Every structure is written in C-alpha cells, then in structure tokens.
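Structural description and commentary
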Amino acid sequence: MIDDREAMQAALAEARLAAAGGEVPIGAVAVYEGGIIAHAQNCVIRHVDPTAHAEMIALRTAAKALGNYRLAGCTLYVTLEPCAMCAGAMIHARLDRLVYAAADPKAGACGSVLSVLNHPQLNHKMVVEEGLLANEAGELLRGFFRERR
C-alpha cells in the first residue's frame, strides 16, 4: 500500500525522466486502491502534442487500466499545479483526489491563477491538497530552466 509521500516521489521520478528527455520536468502518477495504476511525464515536445501533459497521459492510462473513463476512487499526484486543461479533464474523469507539489503562479488552475476545481457551479467536487514535496519539485523546475537560459 503506497502512501502519499511515496506516490509523490514516484511522480518526481517521472519528472526527472521528462527533464532527461528535454521536456519541462513534470510528472504524475495515479493511485487506485493503494497501488500505482498509471505513471506519466510531460511529453508535449516528444509527441508533438499540446495535450501531452503528464496529468493527461496519467488520466488516459488510468482509465484504460480500470476500463472506465470515470476514475472514482483514484488519486492523482502531480509535481506541479495543473493547468486549466488538466483540471477540466480531472473534473470530467470524476477524480476523487488531487495532490500536487508546487504551485504554478503563471498557469495554475487549482487556486494560483484560476480556480477551476471545486467551482460552486460544477457538480463534481474533489479533495485537493498542495505542497507535498514542493521544495523538491520546485528545485527540479528551477534547475531545468536555469540550464535552458
């Protein structure tokens, strides 16, 4: 049975793989009934696909693993606060819980810039927790962009 910290460490490992592949280092894992059912990393450059965010890939993989696009009972762990596209997909998937590491003051849609999740007019609500291993995730991102400049 995996705990929150172990799941976020798995997401960070995916983020490191993304960086090694030349992508912005963001990773995600989906957990169901105590086990990882999907892991993903940013692949927008390698897949030439603007929707190939780590969260989107993890949601697709988790849905295939469960045989259902509804991800009731699942928690998604992400190293960076999701954008509006990813937050919208989480709502449509009926995700139970989101845990993210670092806030994204430029594009975060879970409270930093926009508040897409748990909007009072939407019918789906999920538990949202932030800050788990935020320093490690933030340093990984800062280091990646330092090298690029």
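Think of each chain on its own: its residues are numbered from 1, step by step along the sequence as written. With the structure being a predicted model, the display of local features is reserved for residues of pLDDT at least 70 and the display and counting of side-chain atom pairs for 80 or more, all residues being used for whole-chain, interface and lining totals. Only heavy atoms go into the side-chain values, all of them from the structure, while hydrogens and water stay out.

**Observations regarding the overall build of the protein**
Short version of the rule: Strands are runs of DSSP state E lasting at least 2 residues, helices are runs of H or I lasting at least 4, and numbering of each runs from the N terminus. Any residue under 20% of the maximum accessible area for its type is buried, any over 50% is exposed, and the rest in between are partly exposed; the area is computed with a 1.4 Å probe on protein chains only. Contacts between residues were defined by any pair of non-hydrogen atoms, one from each residue, lying within 4.5 Å.
Within the protein, the secondary structure is distributed over 4 helices and 5 strands. Reading the protein from its N terminus to its C terminus gives the helix and strand order α-β-β-α-β-α-β-β-α. C-alpha atoms of the protein, sized along the principal axes, occupy 45 × 30 × 30 Å. Counting every position in the protein, which comprises 149 residues, the buried fraction comes to 46%. Considering only intrachain contacts with a sequence separation of at least 6, the fraction spanning at least 24 residues in the protein is 58%.

**Comments concerning the nonpolar core**
Quick note on the threshold: Grouping buried Ala, Val, Leu, Ile, Met, Phe, Trp, Tyr and Cys residues that are joined through side-chain atoms within 4.5 Å yields what is termed a nonpolar core.
Of all hydrophobic cores here, the largest spans 46 residues; its most connected members are L71, L76, M90, L95 and L98. Residue assignment for this core shows that the elements contributing at least two residues are α1 (4–20), β1 (27–32), β2 (35–41), α2 (54–66), β3 (74–80), α3 (84–93), β4 (97–102) and α4 (134–148). Among all residues touching L76, those that are not within four sequence positions of it are A28, V29, A30, E55, A58, L59, M90, L95, R97, L98 and V99.

**Focus on the packing of α2 against α3**
Defined as follows: For every element, the axis is a line fit to its C-alpha atoms; helices are fit only across the contacting stretch, and the angle between N-to-C directions ranges from 0 to 180 degrees. The labels follow the angle: roughly parallel below 35 degrees, roughly antiparallel above 145, roughly perpendicular from 65 to 115, and oblique for the rest. Handedness of a crossing is defined here by the sense of rotation of the near helix relative to the far one, left-handed for an anticlockwise turn of less than a right angle and right-handed for a clockwise turn.
Across the interface, α2 lies against α3 with an axial gap of 9 Å and an inter-helix angle of 20°. As summarised for this structure, α2 and α3 are arranged roughly parallel, according to the angle between their axes. The way α2 lies across α3 gives a crossing that is left-handed. Taking contact as the criterion, the partners of E55, M56 and L59 in α2 are, on α3, M85, C86, A89 and M90.

**Observations regarding the sheet that holds β3**
Put simply, the rule reads: The pairing criterion for strands is at least two bridges between them, as found by DSSP.
With mixed pairing, the 5 strands of this open sheet are ordered in space as β2-β1-β3-β4-β5. Strand pairing shows two members of the sheet lacking a second neighbour, β2 and β5 (127–130), which therefore form its edges. Within the sheet, the average angular offset between the axes of one strand and its neighbour, ignoring direction, is 15°. Relative to β5, β4 is paired through 4 bridges, and the arrangement is parallel. Within β5, the position partnered with R97 by the bridge is V127. α2 contacts β1, β2 and β3 of the sheet and is inclined by roughly 145° relative to β2.

**A word on α2**
An α-helical segment advances 3.6 residues per turn. Residues three or four places apart therefore align on the same side. As a reminder of what qualifies: Expected span of a helix, by definition, is 1.5 Å for each gap between consecutive residues, and there is one gap fewer than residues.
For α2, which comprises 13 residues, the first-to-last C-alpha distance of 18 Å matches the rise-based estimate of 18 Å (1.5 Å per residue) to within 8%. Taken together, the buried positions of α2 are A54, E55, M56, I57, A58, L59, A62 and A63. Of the surrounding elements, those touching the buried residues of α2 are β1, β2, β3 and α3. Downstream of α2 by one or two residues, G67 has phi in the positive range, about 70°.

**Considering the pattern of salt bridges**
Let me state the cut-off plainly: One speaks of a salt bridge when a side-chain nitrogen belonging to Lys or Arg is within 4 Å of a carboxyl oxygen belonging to Asp or Glu.
Enumeration according to the criterion identifies 5 salt bridges in this entry. Two residues, E23 and R46, come together in a salt bridge whose shortest N-O distance is 3.2 Å. Here the residue E23 occupies a position in the loop between α1 and β1, and R46 occupies one in the loop between β2 and α2, the gap between them amounting to 23 residues. A residue is classified by how much of its surface remains accessible, and R46, at 38% relative accessible area, is partly exposed. Through salt bridges that share partners, D4, R97 and E129 make up one connected network.

**Looking at the packing of α1 against α4**
Counted only if it meets this: When residue character is reported, Ala, Val, Leu, Ile, Met, Phe, Trp, Tyr, Cys and Pro are called nonpolar, Asp, Glu, Lys and Arg charged, and the others, Gly included, polar.
Packing of α1 against α4 brings their axes to within 11 Å, and their N-to-C directions diverge by 5°. Our classification of the angle between α1 and α4 gives roughly parallel. Between α1, through L12, A15, R16 and A19, and α4, the contact on the second element is made entirely by E136, A137, L140 and F144. Looking at the contact of α1 with α4 residue by residue, the classes come out as 6 nonpolar, no polar and 2 charged.

The analysis is restricted to geometry; functional conclusions fall outside its scope.
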